[in-house]
Amino acid sequence: MDSLVADMLYKSTRGEAGSVSFQEALFSGLAPDGGLYIPEVLPKYDASFHSSMVEMSYEEVAFAILKPFVGGCFSDQELNTIISEAYSEFRKSDKCELVNLSENHKILELFHGPTFAFKDFAMQMIARMFHQALKNIRKSITIIVATSGDTGAAAVHAFRNLEFVNLYVLFPKDRISEIQRRQMTTEKASNVSVVSVDGNFDDCQSIVKSIFNDKDFSKAVSLTGVNSINWARIISQVVYYLFAASRLPTSAKIDFCVPTGNFGNIYAGYVAKKLGVNIDKLIIATNRNDILHRTLSSGRYRKGEVLQTFSPSMDIQVSSNFERMLYDVYQCNAKIVRKKMESLQLNGSYDIEEDSLRTLKNDFISGVVTEAETLAEIKKVFMHSKMIICPHTAVGTKVSRNFLDEKNITISLATAHPAKFGDAVEKAISRKIVLPKSLDALFYKREKVVEAPNDVNYLKDFIRREQ
Ligand SMILES: *Cc1c(COP(=O)(O)O)cnc(C)c1O
């Protein structure tokens, strides 16, 4: 190890698994007791750290933030290489970009990575972390992921041609956009299989779950997950909250508004706040799949039916990362978290008591946006600012308008490039949007896709044959 810091250890939100190193949390995703890994203690940064960030590049901020979290898993030089390679394909030197909607309302553009959605920020990092860690221990793994579009594209792009990783991406046939499909199927990497499953996203997800639950199979192929509950993805996302804050006057108090489904991105904002960033409120913006908004409003977390919307990457009714928040709200009482999760399993819901809900509301506020409002918001931003935003981003800017606080600076996160969701955008502003060159090029490439029935055993056989 290069510096004299004790290795950070990670514990489970359900309290019945032992503490593990960063490397183990990276590889296992879920803890053996079904909980999510969180650091045992968080570092705290003071004002001098924040002022030191002003002069730093994105990569330097990333190094400073990640170093204590990865502990002895990577040397300083390895971590530096991981970071610089992860962001080498981004189209902006600052990787993200702050633009003004109005005097104290800004957008943080997070879609300048290779697949045009914010998922690149974390996926590019986690791929190189896997690669370096596997190289160090000389081992190969199999990754399998179900996608409704953006995660799969980011994963294929990040993991392609990595020597120690075999990647399988399952997407629901005919239920993702053509651009999203082509982003996955036109990469010709020998270690990547893109599988079109004859079913919907839930079918893909349940195939992945059953494969993971087959312990013998998982062990035989060294199965690993990279979904949004992986701590390495969360901590990679924390970086842009700190970076954005470092580009504002140090006295500014910031409200961040995040269009969210799985509570991954906004939970990273909460971690940034705990690390000492000058964040006031974290604003949860949901589409009609509003489980998080309902939870905050009523104190009851209850699964609903998944509805299709213009912002499909948030069409989700189980916000897995919320379990990490519960753990904090109940002051690290793993027993209570276990009870709530049992209730979710048994009854499809759990309740958050009044005083705990109040604690939650110290940090979070929320809003829900209808389909018509999403389109109207895209149009409004276009008319007023000449800016074209994607439907997910519009859900965020719409909600943030309800909470603009003139003492604070509000930053709405722009999670995808509008061209990725061209149909909705064109409907909103009645004009064709021009595709960026690399997206246009997708239409001239040959696709490679594996067709599969909605059948776990078929996929297991397929993976076994390829080993
Ligand atoms: C994944 C995604 C989201 C939702 O992010 P969560 O971390 O699941 O809350 C929002 N917008 C876009 C474009 C996405 O791809």
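Right above here is the structure, for reference.
Predicted model only: the values in this text are computed from it and were never measured.

Definitions and limits used
- In this convention, every chain numbers its residues from 1, walking through the sequence in written order.
- Given that the model is predicted, a residue must reach a pLDDT of at least 70 before its local features are reported, and side-chain atom pairs must reach 80 or more before they are shown or counted; all residues, however, enter totals for whole chains, interfaces and linings.
- By convention in this description, side-chain values take in all heavy atoms of the structure and omit both hydrogens and water.
- For this analysis, a ring pair means two rings from Phe, Tyr or Trp (six-membered ring only for Trp) whose centres lie within 6.5 Å, classed as stacked if their planes differ by under 30 degrees, edge-to-face if by over 60, and tilted for the remaining angles.
- Segments assigned H or I by DSSP are reported as helices when at least four residues long, segments assigned E as strands when at least two residues long, and all are numbered from the N terminus.
- Per-residue accessibility, obtained with a 1.4 Å probe over protein chains only, is compared with the maximum for each type, and a residue is labelled buried under 20%, exposed over 50%, and partly exposed between these values.
- Two conditions define a charge located above a ring, namely a distance within 6 Å from the ring centre to NZ of Lys or CZ of Arg, and an angle within 35 degrees of the ring normal.
- The working definition used for a salt bridge is a side-chain nitrogen of Lys or Arg within 4 Å of a carboxyl oxygen of Asp or Glu.
- The length a helix should cover is 1.5 Å for every residue beyond the first.
- Contacts are assigned to residue pairs with any non-hydrogen atoms lying within 4.5 Å of each other.
- Only the stretch in contact is used when fitting a helix axis, every axis being a line fitted to C-alpha atoms; angles between N-to-C directions are given from 0 to 180 degrees.
- Any angle between 65 and 115 degrees counts as roughly perpendicular, while under 35 counts as roughly parallel, over 145 as roughly antiparallel, and the rest as oblique.
- Paired strands, in this sense, are two strands between which DSSP finds at least two bridges.
- We call a residue near a molecule or strand as soon as one heavy atom of that residue lies within 4 Å of the molecule or strand.
- Side-chain atoms alone can form a polar contact between residues adjacent in sequence; in general such a contact is a pair of N or O atoms within 3.5 Å, and within protein one must be able to donate a hydrogen while the other accepts it.
- Surface accessibility in these figures is a Shrake-Rupley result with a 1.4 Å probe; residues are shielded only by whichever protein chains are displayed.
- Asp, Glu, Lys and Arg are counted as charged, while Ala, Val, Leu, Ile, Met, Phe, Trp, Tyr, Cys and Pro are counted as nonpolar; the rest, among them Gly, fall into the polar class.

**Some points on the packing of aromatic side chains**
No. 1: Under the definition given, this model contains 23 aromatic pairs.
No. 2: Relative to F22, the ring of Y10 lies with its centre 6.2 Å away and its plane at 55°, an arrangement referred to as tilted. Here F22 lies in helix α1 (residues 22–28) and Y10 lies in strand β1 (residues 10–12), a separation of twelve residues in the sequence. Each of the two residues, Y10 as well as F22, counts as buried.
No. 3: Judged by centre distance (6.0 Å) and plane angle (40°), the rings of F69 and W231 are tilted. Placement of the pair is F69 in helix α3 (residues 58–70) and W231 in helix α10 (residues 231–246), with a sequence separation of 162 residues.
No. 4: Judged by its relative accessible area of 0%, F69 falls in the buried class.
No. 5: Put simply, the rings of Y58, Y87, F90, F121, Y240, Y241, F243 and F256 touch in pairs and so form one group of aromatic residues.
No. 6: Here the guanidinium or amino end of R91 rests over the ring plane of F116, the centre of that ring lying 3.8 Å away.
No. 7: The lysine or arginine in question, K386, covers the ring of F382, its NZ or CZ lying 5.0 Å from the ring centre.

**Quick look at the pattern of salt bridges**
No. 1: Taken as a whole and assessed by the stated rule, the structure comprises 25 salt bridges.
No. 2: Between E187 and R160 there is a salt bridge, with its nearest N and O atoms 2.9 Å apart. Here the residue E187 occupies a position in the loop between α7 (178–185) and β7 (192–197), and R160 occupies one in the loop between α6 (150–159) and β6 (165–172), the gap between them amounting to 27 residues.
No. 3: In this structure, E178 engages R181 in a salt bridge whose closest nitrogen and oxygen atoms are separated by 4.0 Å. With a gap of three residues between them, E178 and R181 both fall in helix α7, about one helical turn apart.
No. 4: On the basis of relative accessibility, which here comes to 37%, the residue E178 falls in the partly exposed class.
No. 5: Bridged by salt links that share partners, the residues E178, R181, R182 and E447 form one connected network.

**A short note on helix α14 (residues 334–347)**
No. 1: A rise of 1.5 Å per residue sets the reference length of α14, with its 14 residues, at 20 Å; its end C-alpha atoms lie 20 Å apart and thus fit the reference within 8%.
No. 2: Where α14 is buried, its residues meet β11 (300–302), α13 (322–329) and β12 (349–351).
No. 3: Of the residues trailing α14, G348 is marked for its positive phi of about 75°.

**What to know about the packing of helix α16 (residues 371–385) against helix α17 (residues 391–402)**
No. 1: Across the interface, α16 lies against α17 with an axial gap of 8 Å and an inter-helix angle of 85°. As far as their axial angle goes, α17 and α16 are roughly perpendicular. Counting all contacts with α16, which are made through E373, T374, E377, I378, K380 and V381, the residues of α17 involved are P391, A394, V395, T397, K398 and R401.

**Some remarks on the sheet that holds strand β8 (residues 223–224)**
No. 1: Here five strands make up an open sheet; going across it, the order is β8-β5-β6-β7-β15 and the pairing parallel. Pairing within the sheet leaves two strands with one partner each, and these edge strands are β8 and β15 (450–452).
No. 2: Here strand β5 (residues 141–146) pairs with β8 via two bridges, running parallel. Residue pairing for β8: I143 is matched across the bridge by T224.
No. 3: Most of the contacts of helix α8 (residues 201–213) go to β5, to which it runs at about 150°, and overall it touches β5, β6, β7 and β8.

**Structural notes on unusual backbone geometry**
No. 1: The residue F116 is not glycine, and still its phi comes out positive at about 65°.
No. 2: Assignment of secondary structure puts F116 in the loop between β4 (105–109) and α5 (119–137).
No. 3: Judged by relative accessible area, F116 falls into the buried class, the value being 2%.
No. 4: Positive phi, normally seen in glycine, also occurs at K386, with a value near 60°.
No. 5: Structurally, K386 can be placed in the loop between α16 and α17.
No. 6: By relative accessible area, which is 62% here, K386 ends up exposed.

**Comments concerning the site of the ligand**
No. 1: Taken together, 15 residues are adjacent to the ligand, and K119, D150, T260, N265 and T415 come closest.
No. 2: Between the ligand and the protein, one listed contact pairs an oxygen atom with a side-chain N or O atom of K119 at 2.6 Å.
No. 3: One of the backbone N or O atoms of G264 is found 3.4 Å from an oxygen atom in the ligand.
No. 4: For the ligand, whose unbound accessible area comes to 390 Å², protein coverage reaches 95%.
No. 5: Looking at side-chain class alone, the shell around the ligand contains five nonpolar, eight polar and two charged residues.

**Concerning the environment of V221**
No. 1: Along the chain, the position of V221 falls in helix α9 (residues 215–221).
No. 2: A residue is classified by how much of its surface remains accessible, and V221, at 6% relative accessible area, is buried.
No. 3: In contact with V221, not counting residues within four places along its chain, are I141, T142, I463 and Q467.

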